[in-house]
Amino acid sequence: MKIGIIGCGGIARTHAKTLQKNVGDCTLVFCDRNESRADDLANTFSGRAVYNNAEALLQQERPDAVHILTQLASHNALIRSALQAGAHVYVEKPVTETPGEFRELLSLAETSGKLLCAGYSTLGIPVVQKAKRLIKSGKFGRLVTVHCDFNWTASGNSIPYGSPDHWAYSLPGGILQNIIDHPMSVVVDFMENVTSHNMLFCRRNELPNQCPDIIHVGLRNSDQIGSLTVSFGHGNTHAQAQFCLEAGTIIVDLRRQLIGYAAGSGAENLYRKTVSGVKLGWALGRGSLGNVAKRMSGSLQRDPGITGLVNNFYSAIDGRQDLIVSNSTATRIIATLEHIWGSLATSDGRQVQCG
C-alpha cells in the first residue's frame, strides 16, 4: 500500500511511526510546502519520495490512502483532490469549517467508493473506547450527563504555540478552535443527539487577535445534558471526562489514560459511599502504576488516540471494522462548532444561546 502524508509538522511523526509499525507493507510518500521538513521525515521513516506540492504527489504517485495534516483552511480542497485521485482519506481535526462542506465531501467519498475518516483522535484513546463499550453494554443504564474538562498550560511559552503568527490565531475561535474538538468530540459522540446548546467565554490573558482563553459549552437533548470547559494557561494541565448514568458513574482521565467506574443508584449510605470510593481509587491508582511500568518498558503510547484511529482507519479500509468516528458524529461536531464560532464573533462574553 502506498500512503501519502500531506503536511509534515510535529503530528506527522506520530502518523508515520504508527503506519510504519502497524500497517505492514506500506510505502510512505511525504509532502510539505517546506520541502526540508518533508525530507527530514522521509529520511527518518524511509520515505519513497518527497514533494512540495500536493497535487503533484496525488497525480504522480496515485497513493492508496492520504493523511491530510495541514491547517484547516486547506482541508476542503485537499480532501476533494485526494478523493478524486482515488485515495482513502484521513484528515486531522478541525476537519472542515462547515457541515455543508463535510457533507459534500462525504457524498464525493461515497461516489468514489472511498473512506473519509475524521481524525477526532480523542475518540480513539483506548480508555474512551472502553467507556463507550461499558455504556453500550447497558450495565449502568442510560447516560444522564457527560462533562469534559480540558485544561492546558504551555511550558516555556507565554504564548501557546510559541508565536502570534501561528495559524491557529487566525481562526474565528482562535487557539480554542484548534483544540476544542478533543472535549467536544467526547461529549457529542456519547450523547444520543444534540438539540440545543449555549456557551460562556472570557479572556484572562492577552492572546493574539484578542482570542478568548476560557470557554464553557452546554448541550442538551430531551433527557440528556452534556458540557465541556476548555482553558489555556490557568492552573493544572489536565483532561478528564465524567459520565453519570442511571446506575453508575464512569471517570476517564484522558491524559493519563486511566478509567474508573462504580455501580449504584439511589441515595448513598456509608457502605456504598466507602466501597465506591475505594473502587474508584484502586482503579485509578492501579492504572497509574501500570503506566509507570509501561513507561519504563517503552510500551506507553504517547499519542494513543491518533494511534487508535489510524489503526482503525486501515482496518475499515480492509472491511474488518467500522470507523470509530461515525459520519453522524463528525457532522454534529462540525455543526455545533460552526454555531459557536459564529456566535463568539458577535458576543461580549455573556451567555449566548446557539440553538
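Residues numbered from 1 in each chain as written. Predicted model: local features only at pLDDT ≥ 70, side-chain atom pairs only at ≥ 80, totals over all residues. Heavy atoms only, no water.

### What about the overall build of the protein chain?
Then comes step 1: Counting its secondary structure elements, the protein chain contains eleven helices and 14 strands.
Then comes step 2: Expressed as a percentage of its 355 residues, the buried residues of the protein chain come to 50%.
Then comes step 3: Per element, the accessible surface of the protein chain, about 16600 Å² overall, is 48% carbon and sulfur. (Helix = DSSP H or I, 4+ residues; strand = E, 2+ residues; numbered from the N terminus. Buried < 20%, exposed > 50% of the residue type's maximum accessible area, 1.4 Å probe, protein only. Areas by Shrake-Rupley, 256 points an atom, 1.4 Å probe, with all protein chains shown as cover.)

### Thoughts on the sheet that holds strand 3 (residues 49-51)
Sheet strands line up and pair through hydrogen bonds in the backbone, either parallel or antiparallel.
Then comes step 1: Read across the sheet, six strands follow the order 3-2-1-4-5-6 without closing on themselves; strand pairing throughout is parallel. The two strands at the open ends of the sheet, each matched to only one other strand, are strand 3 and strand 6 (116-119). Adjacent strand axes in the sheet meet at a mean angle of 15° when their direction is disregarded.
Then comes step 2: Across the sheet, helix 1 (residues 10-22) lies against strand 1 (2-6), strand 2 (27-31), strand 4 (65-68) and strand 5 (88-92), angled at about 170° from strand 1, the strand it touches most. (Pairing = 2+ DSSP bridges. Axes fitted to C-alpha atoms, helices over the stretch in contact; angles between N-to-C directions. Contact = heavy atoms within 4.5 Å.)

### What to know about the side chain of Asp-189
Then comes step 1: Within the fold, Asp-189 resides in helix 8 (residues 181-190).
Then comes step 2: Within polar-contact distance, the side chain of Asp-189 engages the side chain of Lys-132 at 2.5 Å.
Then comes step 3: In terms of polar contacts, Asp-189 uses its side chain to reach the side chain of Thr-329, at 2.7 Å.
Then comes step 4: Those residues in contact with Asp-189 that sit more than four places away from it in its chain are Leu-123, Lys-132, Thr-329 and Arg-332. (Polar contact = N/O pair within 3.5 Å; in protein donor to acceptor, adjacent residues only side chain to side chain.)

### Regarding the pattern of salt bridges
Then comes step 1: Applying the stated criterion across every chain, the model contains ten salt bridges.
Then comes step 2: A salt bridge links Glu-61 to Arg-48, with the shortest nitrogen-to-oxygen separation between them at 2.5 Å. Placement of Glu-61 in helix 3 (residues 54-61) and of Arg-48 in the loop between helix 2 (35-44) and strand 3 is noted, with a sequence separation of 13 residues between them.
Then comes step 3: One salt bridge connects Asp-253 with Arg-256, and the closest N-O pair in it is separated by 3.1 Å.
Then comes step 4: Judged by relative accessible area, Arg-256 falls into the partly exposed class, the value being 40%.
Then comes step 5: Because the salt bridges share partners, they merge into one network encompassing Lys-2, Arg-48 and Glu-61. (Salt bridge = Lys/Arg side-chain N within 4 Å of Asp/Glu carboxyl O.)

### Quick look at the confidence of the model for the protein chain
Then comes step 1: Here the protein chain averages 86 in pLDDT, and 85% of its residues register 70 or above.
Then comes step 2: Ranking the elements of the protein chain by mean pLDDT puts strand 14 (residues 352-353) last with 44 and strand 4 first with 98. (pLDDT = per-residue confidence, 0-100.)

### Quick look at the packing of aromatic side chains
Then comes step 1: Inspection of the entire model under this criterion finds four aromatic pairs.
Then comes step 2: With centroids separated by 5.9 Å and ring planes inclined at 55°, the aromatic side chains of Phe-140 and Tyr-261 adopt a geometry described as tilted. Taken as a pair, Phe-140 in the loop between helix 6 (126-137) and strand 7 (143-152) and Tyr-261 in strand 13 (residues 258-263) lie far apart in primary sequence, 121 residues in all.
Then comes step 3: Its relative accessible area of 1% is what places Phe-140 among the buried residues.
Then comes step 4: The partly exposed category is assigned to Tyr-261, whose relative accessible area is 30%.
Then comes step 5: Summarising the aromatic geometry, the rings of Phe-313 and Tyr-314 are spaced 4.9 Å apart at their centres and angled 70° between planes, so their arrangement reads as edge-to-face. Tyr-314 shares its class with Phe-313; the two are buried.
Then comes step 6: An aromatic cluster is built from Tyr-90, Phe-313 and Tyr-314, whose rings are joined through pairwise contacts.
Then comes step 7: Just above the ring of Phe-150 sits the side chain of Arg-255; from NZ or CZ to the centre is 5.3 Å. (Phe/Tyr/Trp six-rings, centres within 6.5 Å; stacked < 30°, edge-to-face > 60°. Lys NZ or Arg CZ within 6 Å of the ring centre and 35° of its normal.)

### Some remarks on the nonpolar core
Most often, soluble globular proteins have nonpolar side chains that are buried together.
Then comes step 1: With 102 residues, the main nonpolar core has Phe-30, Ile-215, Phe-243, Ile-250 and Val-252 as its most contacted residues.
Then comes step 2: Of the residues forming this core, the biggest block, seven residues, is contributed by helix 11 (residues 327-344).
Then comes step 3: Discounting chain neighbours no more than four positions away, the residues touching Ile-215 are Leu-176, Ile-180, Met-199, Leu-200, Phe-201, Leu-228, Thr-229, Val-230, Ile-340 and Trp-341. (Core = buried A, V, L, I, M, F, W, Y, C linked by side-chain atoms within 4.5 Å.)

### Things to note about helix 11
Then comes step 1: For helix 11, which comprises 18 residues, the first-to-last C-alpha distance of 26 Å matches the rise-based estimate of 26 Å (1.5 Å per residue) to within 8%.
Then comes step 2: Of the positions making up helix 11, those classed as buried are Thr-329, Ala-330, Thr-331, Ile-333, Ile-334, Thr-336, Leu-337, Ile-340, Trp-341, Ser-343 and Leu-344. (Expected span 1.5 Å × (residues − 1).)

### So, the packing of helix 5 (residues 99-112) against helix 11
Two numbers describe a pair of packed helices, the interaxial angle and the distance between the axes.
Then comes step 1: Relative to each other, helix 5 and helix 11 sit at 155°, their axes nearing to 8 Å. In terms of their interaxial angle, helix 5 and helix 11 are classed as roughly antiparallel. Contact residues: helix 5 offers Pro-99, Phe-102, Arg-103 and Leu-106, while helix 11 offers Asn-327, Ala-330, Thr-331, Ile-334, Ala-335 and Glu-338.
Then comes step 2: Classifying every residue of the contact of helix 5 with helix 11 gives six nonpolar, two polar and two charged. (Parallel < 35°, antiparallel > 145°, perpendicular 65-115°, else oblique. Nonpolar A, V, L, I, M, F, W, Y, C, P; charged D, E, K, R; others polar.)

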